[in-house]
Amino acid sequence: MELLVTTSDNPTTAMLETGYKIATELGVLFVKKKRTSLATLKKQYNVDHVIVVTRNGPVVHTPGGEYFFHLSMAELRIKNLRNGKHDHMITAMTLEKGMSVLDCTLGLATDAIVASFVLGEDGLLVGIEYSPIIAMVTRWGLENFDGSDSEINGALRRIQVKQGDYEEYLAALPDKSFDVVYFDPMFRRPVYTSSSLRPLRYLANHNPLTSSAVASACRVAKRRVVMKEAAGSAEFERLGFKTLIGGKYSSIQYGVIELEPSAGGQLWSG
Ligand SMILES: C[S@@+](CC[C@H](N)C(=O)[O-])C[C@H]1O[C@@H](n2cnc3c(N)ncnc32)[C@H](O)[C@@H]1O
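An unreviewed UniProt entry lists the chain under the name Protein-L-IsoD(D-D) O-methyltransferase, with Thermosinus carboxydivorans Nor1 given as the organism.

As structure tokens, then:
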């Protein structure tokens, strides 16, 4: 992918430093914008993606739109949990305070933020993301995004981001090292509910989940392996997820492989 990094107009020193740091990390060119339009920069440097460091963080300009960190549905899902409603992902994971979760497909970290909120300060959430650009945007957001809610900010700050391939990461982990291992691969058939997530499709790894990765996850997980997919997807059966959890009218479901019955099955409640 041809890519360069720049800043918005009139950058502060901090923005220039962030831009330079991101370009160095990604091994691409950093260009001072000097009021040149993005279209001109793209043409001049023959690139199709540009990362613009703005006052609100990095924005990736893809052919499918702008990609940047935001809380997406995490805020509403956390509000629902606080109001005593249940969240199908949390139910599928039988998540409790203090547990550990390995999110193999971190993406924008929406699911990870909800899980981290439930896990609390004594929990552990490690997220793996294949795409260096997505990992960079998510890491920036988790470290810097400042909403008005200190508990949500705390949930963001506690998530550890690892850039890499979950196959390799899982292979290097000891048996039973996380309570839950989670996968949310790119759906085989995309469900376009949010136009703000469409640019993700230009940056993400689209490879299907493999049976060998699920087998590794079953070795690494103590309690459960959970996979999110489109409701009715043939992926559940192909990969051995027999128990399905989800709302009757929901477009998504969570497949569960239970390795150890949950102790008492006590679910988190606000
Ligand atoms: C559907 S998105 C995940 C969205 C995420 N659950 C959220 O709430 O924001 C899938 C992500 O998994 C990443 N991915 C796919 N294959 C991967 C692999 N082998 N290792 C690590 N990440 C991978 C993709 O690049 C993409 O960002």
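Novice: I'd like a rundown of the packing of aromatic side chains, residues and numbers included.
Specialist: For the coordinates displayed, the defined rule picks out three aromatic pairs. Between the aromatic rings of Tyr-20 and Phe-30, the centroid separation amounts to 6.3 Å while the plane-to-plane angle is 85°, which identifies the pairing as edge-to-face. With Tyr-20 in helix α1 (residues 13-26) and Phe-30 in strand β2 (residues 29-30), this residue pair connects regions lying ten residues apart in the sequence. When the centroid spacing of 5.5 Å and the interplanar angle of 65° are considered together, the rings of Phe-69 and Phe-145 count as edge-to-face. Placement of the pair is Phe-69 in the loop between β5 (65-67) and α3 (74-82) and Phe-145 in the loop between α6 (132-144) and α7 (150-157), with a sequence separation of 76 residues. Judged by relative accessible area, which is 8%, Phe-69 ranks as buried. Given the relative accessible area of 24%, Phe-145 is considered partly exposed.

Novice: Summarise the sheet that holds strand β11 (residues 243-245); cite the residues concerned and give the values.
Specialist: Across the sheet, which stays open at both edges, the seven strands sit in the order β8-β7-β6-β9-β10-β12-β11 with mixed pairing between neighbours. Strands with a single pairing partner mark the edges of an open sheet, and in this sheet they are β8 (160-163) and β11. Each adjacent strand pair in this sheet contributes to an overall mean axis angle of 20°, direction not counted. In the sheet, strand β7 (residues 124-129) pairs with β8 via four bridges, with the strands oriented parallel. Bridging from a neighbouring strand, Glu-129 pairs with Gln-163 of β8. Across the sheet, helix α5 (residues 110-119) lies against β6 (100-103), β7, β9 (178-183) and β10 (221-230), angled at about 170° from β7, the strand it touches most.

Novice: Residues and numbers for the sheet that holds strand β3 (residues 49-54), please.
Specialist: Within the open sheet, the five strands sit side by side as β2-β1-β3-β4-β5. Their pairing is mixed. Taken across any chain shown, the strands that pair with only one partner, and hence form the sheet edges, are β2 and β5. Note that strand β1 (residues 3-7) and β2 share two bridges and pair parallel. In the strand pairing of β2, Leu-4 is matched with Leu-29. The sheet strands contacting helix α2 (residues 38-45) are β1, β2, β3 and β4 (57-62), and the helix crosses β1 at an angle near 145°. Set on the sheet, α6 makes contact with β1, β3, β4 and β5; between it and β4 the angle comes to about 150°.

Conventions and cut-offs
Residues numbered from 1 in each chain as written. Predicted model: local features only at pLDDT ≥ 70, side-chain atom pairs only at ≥ 80, totals over all residues. Heavy atoms only, no water. Phe/Tyr/Trp six-rings, centres within 6.5 Å; stacked < 30°, edge-to-face > 60°. Helix = DSSP H or I, 4+ residues; strand = E, 2+ residues; numbered from the N terminus. Buried < 20%, exposed > 50% of the residue type's maximum accessible area, 1.4 Å probe, protein only. Pairing = 2+ DSSP bridges. Axes fitted to C-alpha atoms, helices over the stretch in contact; angles between N-to-C directions. Contact = heavy atoms within 4.5 Å.

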